[in-house]
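# Observations on chain architecture
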Amino acid sequence: MGSGKMLLILAGDGIGPEVMAEVRRLIEWLERKRGFGLQVIEGLVGGAAIDAHGVPIDEATMADAMAADAVLLGAVGGPKWDSLPFERKPERGLLRLRKDLELFANLRPAVVFNALVDASPLKPELVRGLDIMIVRELTGGVYFGEPRGIETLADGSRRGVNTQVYTTEEIRRVARVAFEIAAGRSKRVCSADKANVMESGVLWREEVQRLHDEAFPDIELTHMYADNCAMQLVRNPSQFDVIVTDNLFGDILSDEAAMLTGSLGMLPSASLGAADAVGRRRALYEPVHGSAPDIAGKGIANPLAVILSFAMCLRLSLDRAGDAALIEAAVQRVLDGGLRTADIMQVDKARISTRVMGEAIIRELDKIAA
Ligand code: IPM
Ligand code: MG
């Protein structure tokens, strides 16, 4: 029954392991009911890896990540590790995975489920049917630019430096992903930058436009300053289809877009590398929510973001689009049925635990696939 596919699971810290347990249940279900034999290996990342090995990710786990068809990650970080030196923090494990696997394109869909329209802090008429895809550049820009550091000056005061830097190729490869995604949607891309103050932003704008004119003339391309884009996202979010932007702006705009949907606990993401000769891309999938230390260990976290991340993984990395659609349908039906974890709780709905949410998804899958 083996599919020959290998998935590396890195549950990480905080609520990571709790929500990931519900994905394990789905994997068992797929094997039992759909004959999908996925080879799963596990590893440590973030604080969990620091506690076990003294580093936020070790070489053996990096080698597994390189060899796997995909990586599914829970979350990293927590107060226990906050005072560690910068290079040893849990987040560095995630950043190293992104950088070493060259996962330059981060896809963050912000989709509002009908059942959750009222959970959005925005008026229902603004968010009903909302379906935005943010494509964030993930391996460049100020996150990785050199020089960087904190230095002590002659007078004893200090200076912190980071560098915002992009090359033509870094801009073009992520813009290409955005145009290709838009081609399968409503064919609109908005590129967000700060070309009004940053040279790297001027280059970003010119290169995105040039690639568009050369290769994607059928896609409608607009440019927006990132601050205006942040404003427009809450003023009139449905004007957007695909947004492409750099690493830092993408970090911020994707959190904002996520909240439009009512809960960070619902949102998946995919981080993709370049396609090889047979079209296979390195890929890492993770929920947009973090490790949520305040609720970790209580069994109340929402497992839907990591479940939907796994669905993206099935579709984009494991050639199982049918199974991805089944899982997405099950999520929809469980929400329509009124079950809610605490983060998406609404009046008159039933508040359930992480585990019960996972079980409810399996029950719906049994019904749909029967
Ligand atoms: C994200 C997170 C990360 C980032 C942190 C955890 C390093 O905020 O994935 O958006 O800033 O990229
Ligand atoms: Mg972020």
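Residues numbered from 1 in each chain as written. Chains lettered and ligands numbered in written order. Predicted model: local features only at pLDDT ≥ 70, side-chain atom pairs only at ≥ 80, totals over all residues. Heavy atoms only, no water.

### Notes on the nonpolar core
Grouped together as the largest cluster of nonpolar side chains are 72 residues, with contacts concentrated most on Leu-107, Val-135 and Phe-310. If you tally residues by element for this core, the top one is helix α10 (residues 304-316), at nine residues. Both domains that furnish three or more residues to this core are identified here as domain 1 (1-109 + 267-370) and domain 2 (131-260). Apart from residues no more than four positions distant in its own chain, Leu-107 is found in contact with Met-133, Ile-134, Val-135, Val-177, Ile-181, Pro-268, Ser-269, Ala-270, Leu-272, Met-312 and Leu-316. (Core = buried A, V, L, I, M, F, W, Y, C linked by side-chain atoms within 4.5 Å. Buried < 20%, exposed > 50% of the residue type's maximum accessible area, 1.4 Å probe, protein only. Helix = DSSP H or I, 4+ residues; strand = E, 2+ residues; numbered from the N terminus. Domains from an automatic or database assignment. Contact = heavy atoms within 4.5 Å.)

### Re the UniProt feature "site: Important for catalysis" (unreviewed entry) in the protein chain
Taking the UniProt record as the reference, the feature "site: Important for catalysis" (unreviewed entry) is found at Tyr-143 and Lys-194. Mapped onto the fold, Tyr-143 is located in the loop between β5 (131-137) and β6 (149-152). Beyond its immediate chain neighbours, meaning those up to four positions away, Tyr-143 contacts Leu-95, Arg-136, Arg-148, Asn-247, Leu-248 and Asp-251. Here Arg-136 takes part through its side chain, which lies 3.2 Å from a polar atom of the side chain of Tyr-143. (UniProt positions renumbered as here; feature names shortened; annotations may be inferred. Polar contact = N/O pair within 3.5 Å; in protein donor to acceptor, adjacent residues only side chain to side chain.)

### Focus: the domain arrangement of the protein chain
Under the domain assignment used here, the protein chain contains domain 1 (1-109 + 267-370) and domain 2 (131-260). Once you take the C-alpha centre of each, domain 1 and domain 2 turn out to be 25 Å apart. Taken together, the contacts link 17 residues of domain 1 with 19 residues of domain 2. When the two sides are added together, the surface that domain 1 and domain 2 hide from each other amounts to roughly 1600 Å², 63% of it contributed by carbon and sulfur. Here domain 1 is connected to domain 2 by one salt bridge. The partner of Glu-180 in a salt bridge is Arg-281, and the shortest N-O contact between them spans 3.9 Å. Our count for the contact surface shared by domain 1 and domain 2 stands at five residue pairs in polar contact (both at pLDDT 80 or more). For the side of domain 1 that touches domain 2, the secondary structure elements donating two or more residues are α4 (91-100) and β4 (105-111). If one sorts the elements of the side of domain 1 that touches domain 2 by residue count, β4 sits on top with five residues. Within the side of domain 1 that touches domain 2, the residues separate by chemical class into nine nonpolar, two polar and six charged. (Buried area = accessible area lost by both parts, 1.4 Å probe. Salt bridge = Lys/Arg side-chain N within 4 Å of Asp/Glu carboxyl O. Nonpolar A, V, L, I, M, F, W, Y, C, P; charged D, E, K, R; others polar.)

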